[in-house]
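Descriptive analysis of the structure
Each chain, written out:
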Amino acid sequence: MSASLSSAVTPGPPGPGQDLRAPARERLAGRLQQHGALAVLVLVVIIASATSSAFPTWANVSSILGGNAFVWLLALGMTFVIITGGIDLSVGSMYALGGVLGAEGSRAGTWLAILLPLAVGAAWGTMQGLLVARAKMAPFIVTLAGLLGARGLLQALTHEGSKTYLVPKGSFFRQLGGGTWVPVLIVAALFALGALLLTRTRFGANLTALGGNENAALLMGLPVQRTKVLVYVLSGTLAAAAGALGGARLGSGVTTIGVGYELTAIASVVIGGTLLTGGSGSVGGTVSGVLLLAVIHNLIDHYFSQYGSAFTDAVNGAFLALVVLLQTVLSRTQKLP
């Protein structure tokens, strides 16, 4: 009897449906998904530095880091939204609106230039979040309406672009957007706070649980509706703040900026390893994604400037399609027994 009991509990050789290599393959797929953008970024930088003496110069590096630093904040907010399985198409319009509100408020002082865009962005995000969380509307439809609404409000404030609000010269608000290091330090600090929020707080854990399985999150007693509202508030606030700081850098509220920025933000987040279906992602991956796209755009401007922005958009689209395809394959690999 003891022999039969021993044979019952002793594991035998793997059956025909088992694969001892599956755990290693799953780990490799997970690492590729999380750190693939960083690996490609390092490779591209090495190749570009070796083939072009102009690429590693300080003038070019400062152009990459400081030129569009505030736009990267859109990707930070988008990271939180996509992890929950949502989407926010309104951030480009909110960026432009934040720039106009910041420039208009700067005439009354720096505090109003900062607080006015933040308040409007937070209110806009709250409205969108409530429609998604409580009215159960699709995030795509809600934020598409938000995109059009914010752009319409922008046109109304500027009389269809005929009125331009200027940031006073010498104001402290204007200095916040100037140079290279100030924008980079502001963005780096906000990204660091975002990483802590995602990885070290209960709110961050709720985001991942919600994106992984909303029904399971409800059964666990997690505040699903409140979490959904908060991510859209965060996204709207960051987009408006980025626009205000971008307006400070330009010295005016420009009505034509922000078009297509939401697609760049989404591409950066997904390229950085955040699953478009939600449930997995990181702020560090988004940093790699935005830097990779920025470096590629810089190389396109250097080598293919005659093709203009159309070539850049084509590269963005190709990268996004390729990364989503790879994510699908890697996700299936990680689910193998």
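The rules we used
Residues numbered from 1 in each chain as written. Predicted model: local features only at pLDDT ≥ 70, side-chain atom pairs only at ≥ 80, totals over all residues. Heavy atoms only, no water. Helix = DSSP H or I, 4+ residues; strand = E, 2+ residues; numbered from the N terminus. Buried < 20%, exposed > 50% of the residue type's maximum accessible area, 1.4 Å probe, protein only. Contact = heavy atoms within 4.5 Å. Salt bridge = Lys/Arg side-chain N within 4 Å of Asp/Glu carboxyl O. Core = buried A, V, L, I, M, F, W, Y, C linked by side-chain atoms within 4.5 Å. Phe/Tyr/Trp six-rings, centres within 6.5 Å; stacked < 30°, edge-to-face > 60°. Expected span 1.5 Å × (residues − 1). Polar contact = N/O pair within 3.5 Å; in protein donor to acceptor, adjacent residues only side chain to side chain. pLDDT = per-residue confidence, 0-100. Axes fitted to C-alpha atoms, helices over the stretch in contact; angles between N-to-C directions. Parallel < 35°, antiparallel > 145°, perpendicular 65-115°, else oblique. Nonpolar A, V, L, I, M, F, W, Y, C, P; charged D, E, K, R; others polar.

A short note on the overall build of the protein
Secondary structure assignment for the protein yields 15 helices and 0 strands. Within the protein, the fraction of its 337 residues that count as buried is 45%. Within the protein, contacts between residues at least 6 apart in sequence are counted, and of these 78% link residues at least 24 apart.

Quick word on the pattern of salt bridges
Evaluated as defined, the whole model comprises 1 salt bridge. Of the charged contacts, one joins K228 and E214 as a salt bridge, the two residues approaching to 3.1 Å between their closest N and O atoms. Taken together, the residues span a long stretch of sequence, with K228 in helix α12 (residues 224-250) and E214 in helix α11 (residues 214-219) at a distance of 14 residues. What makes E214 partly exposed here is its relative accessible area of 29%.

Section: the nonpolar core
Formed by 72 residues in total, the largest nonpolar core has its most connected members in L74 and F80. Top contributing element to this core by residue count: helix α4 (residues 72-83), with 10 residues. Sequence-distant contacts of L74, defined by excluding residues within four places in its chain, comprise V91, Y95, A239, A242, Y261 and A265.

Points about the packing of aromatic side chains
Within the structure shown, the criterion is met by 2 aromatic pairs. Aromatic side chains W58 and W181 sit 5.6 Å apart centroid to centroid with 20° between the ring planes, which places their arrangement in the stacked category. With a gap of 123 residues between them, W58 in helix α3 (residues 58-67) and W181 in helix α9 (residues 181-200) connect regions that are remote in the sequence. The class for W58 is partly exposed, based on a relative accessible area of 48%. Where Y95 meets Y261, the ring centres are 5.3 Å apart and the plane angle is 65°; that geometry is what we call edge-to-face. With Y95 in helix α5 (residues 91-105) and Y261 in helix α13 (residues 261-271), the pair connects residues that are 166 residues apart, well separated along the chain. For Y95, a relative accessible area of 6% gives the class buried.

What to know about helix α14 (residues 283-303)
Taking 1.5 Å as the rise per residue, α14 with 21 residues should run 30 Å; its terminal C-alpha atoms sit 30 Å apart, in good agreement. Taken across its 21 residues, α14 has 15 buried, putting it largely inside the fold. The N-terminus of α14 is capped by S282, whose side-chain oxygen sits 3.0 Å from the backbone nitrogen of G285.

Remarks on the confidence of the model for the protein
Scored by pLDDT, the protein has a mean of 85; 84% of the residues are at 70 or more. Counting interchain partners and residues more than four positions distant, the pLDDT-below-50 stretch residues 1-20 has 3 contacts.

Notes on the packing of helix α10 (residues 202-212) against α12
Contact pair α10 / α12: the axes reach a minimum separation of 10 Å and the direction vectors enclose 105°. Here α10 is positioned roughly perpendicular relative to α12, judged by the angle of their axes. Contact with α10, carried on its side by F203, N206, L207 and L210, involves V224, T227, K228, L230 and V231 of α12 and no other residues of that element. Residue composition of the contact of α10 with α12, grouped by class: 6 nonpolar, 2 polar and 1 charged.

Focus on the environment of G258
Here G258 is to be found in the loop between α12 and α13. A C-alpha to C-alpha distance of 8.1 Å links G258 and V91, two positions 167 residues apart in sequence. In this structure, G258 is in contact with G92, S93, Y95 and R151, ignoring residues within four places of it in sequence.

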